[in-house]
Amino acid sequence: MKFAVLVFPGSNCDIDMYHAIKDELGEEVEYVWHDATDLSDFDGILVPGGFSYGDYLRCGAMANQSNVMAEVKRAAEAGKPVLGVCNGFQILTEAGLLPGALLRNKNLKFMCRTVQLKVENNDTIFTNQYENGQIINIPIAHGEGNYFCDEETLTKLKANNQIVFTYSGENPNGSLEDIAGIINERGNVLGMMPHPERAVSDLLGSADGLNLFKSIVKQWRESHVS
């Protein structure tokens, strides 16, 4: 399986994502600059965290205007897995690939520490290697991770089982319903604020994030390799 790691001016988690795929997962991966106009060679798209375009205007808003985002939308429409982490999640909401928005943390402070997540839905491309209800340890590093959506959207998210991860115990940023990660209705686009790519080895303090990437590869191989 071949992954693209998108790189915008201000991305700072692209190297972590690349390392997770190449060195821990053992799959093909390439960096793709934001002005790219073709992602057809890639099987999965990874939108990493950081501060794309310095978070000016609004987190993810300027990145959404980049050439590559038109290709990300085409990949999503084609059913390819698309993962957006932290700033990547913000970009996916700006692009309309996921509903809702990410607001300033409730305490108005940047937070960087490991939190516990609960796997709310393990029947997805991204979570099939977890147990339903499993508690995993994944780092956060964000200032605008407070997920919000209107009541109608929240009702749809619950009805369609689109809430994939919630914060367990402590809700660090004030997110609605403790939401830490959601998928689109089709189930091939995931946005999450915590960083699974920073939890792919015990040397990093946790390897709990590695199963997310293993899940993507497992699903892809079952669909493409006979």
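Look up: the structure comes first, before these words.
A short tour of the structure in this document, coming up. (Residues numbered from 1 in each chain as written. Predicted model: local features only at pLDDT ≥ 70, side-chain atom pairs only at ≥ 80, totals over all residues. Heavy atoms only, no water.)

1. A closer look at the environment of Val5
And then number 1: Structurally, Val5 can be placed in strand S1 (residues 2-7).
And then number 2: Considering only alpha carbons, one finds Val5 and Gln129, 124 residues apart in sequence, at a separation of 22 Å.
And then number 3: Here Val5 is in contact with Asp14, Met17, Tyr18, Val29, Glu30, Tyr31, Val32, Leu46 and Pro48, once residues within four sequence places are set aside. (Helix = DSSP H or I, 4+ residues; strand = E, 2+ residues; numbered from the N terminus. Contact = heavy atoms within 4.5 Å.)

2. Observations concerning the packing of aromatic side chains
And then number 1: Applying the stated criterion across every chain yields a total of three aromatic pairs.
And then number 2: Their ring planes at 15 degrees and their centres at 4.5 Å tell us that Tyr18 and Tyr31 sit as a pair that is stacked. With Tyr18 in helix H1 (residues 14-25) and Tyr31 in strand S2 (residues 28-33), this pair connects stretches of sequence that are 13 residues apart.
And then number 3: In this structure Tyr31 comes out as partly exposed when scored by relative accessible area, which is 38%.
And then number 4: Measuring from ring centre to ring centre gives 6.0 Å for Phe89 and Tyr147, while their planes differ by 15 degrees; the resulting arrangement is stacked. On the criterion of sequence distance, the pair formed by Phe89 in helix H3 (residues 87-94) and Tyr147 in strand S8 (residues 146-148) is long-range, its members being 58 residues apart. Each member of the pair, Phe89 as well as Tyr147, is classed as buried.
And then number 5: Directly above the aromatic system of Phe42 lies the positively charged group of Lys2, at a separation of 5.1 Å from the ring centroid. (Phe/Tyr/Trp six-rings, centres within 6.5 Å; stacked < 30°, edge-to-face > 60°. Buried < 20%, exposed > 50% of the residue type's maximum accessible area, 1.4 Å probe, protein only. Lys NZ or Arg CZ within 6 Å of the ring centre and 35° of its normal.)

3. Details of a nonpolar patch on the surface
And then number 1: Taken together, the side chains of Tyr56, Leu57 and Met62 define a hydrophobic patch exposed on the protein surface, amounting to about 380 Å² of accessible area.
And then number 2: As for its position among the elements, Tyr56 is in the loop between strand S3 (44-47) and helix H2 (67-77). (Patch = residues over 30% accessible without salt bridge, like charges linked within 9 Å, V, L, I, M, F, W, Y side chains within 5 Å. Areas by Shrake-Rupley, 256 points an atom, 1.4 Å probe, with all protein chains shown as cover. Salt bridge = Lys/Arg side-chain N within 4 Å of Asp/Glu carboxyl O.)

4. Regarding the nonpolar core
And then number 1: Ranked by size, the top nonpolar core spans 70 residues in total, and within it Phe165 and Leu212 carry the most contacts.
And then number 2: Counting residues per element, this core draws most heavily on helix H5 (residues 210-224), at six residues. (Core = buried A, V, L, I, M, F, W, Y, C linked by side-chain atoms within 4.5 Å.)

5. Examining the pattern of salt bridges
And then number 1: One pass over the structure, following the stated rule, counts 10 salt bridges.
And then number 2: Put simply, Glu170 and Arg113 hold a salt bridge, and the shortest N to O gap is 2.4 Å. Residue Glu170 is found in the loop between strand S9 (163-167) and strand S10 (179-183), and its partner Arg113 is found in strand S6 (residues 111-119); the two are separated by 57 residues along the sequence.
And then number 3: Look at Glu170 and you get partly exposed, because its relative accessible area is 42%.
And then number 4: Using a relative accessible area of 34% as the deciding quantity, one classes Arg113 as partly exposed.
And then number 5: Glu222 is paired through a salt bridge with Lys218; the nearest N and O atoms lie 2.6 Å apart. Pair noted here: Glu222 and Lys218 are both in helix H5, with a separation of four residues, about one helical turn.
And then number 6: For Lys218, a relative accessible area of 36% corresponds to the partly exposed category.

6. Comments concerning the side chain of Thr127
And then number 1: Inspection of the secondary structure assignment puts Thr127 in the loop between S6 and strand S7 (135-142).
And then number 2: Since its relative accessible area comes to 0%, Thr127 is described here as buried.
And then number 3: Of the polar contacts made by the side chain of Thr127, one reaches the side chain of Thr124; its length is 2.6 Å.
And then number 4: Here Thr127 is in contact with Val119, Asn121, Asn122, Val164, Phe165 and Ser215, once residues within four sequence places are set aside. (Polar contact = N/O pair within 3.5 Å; in protein donor to acceptor, adjacent residues only side chain to side chain.)

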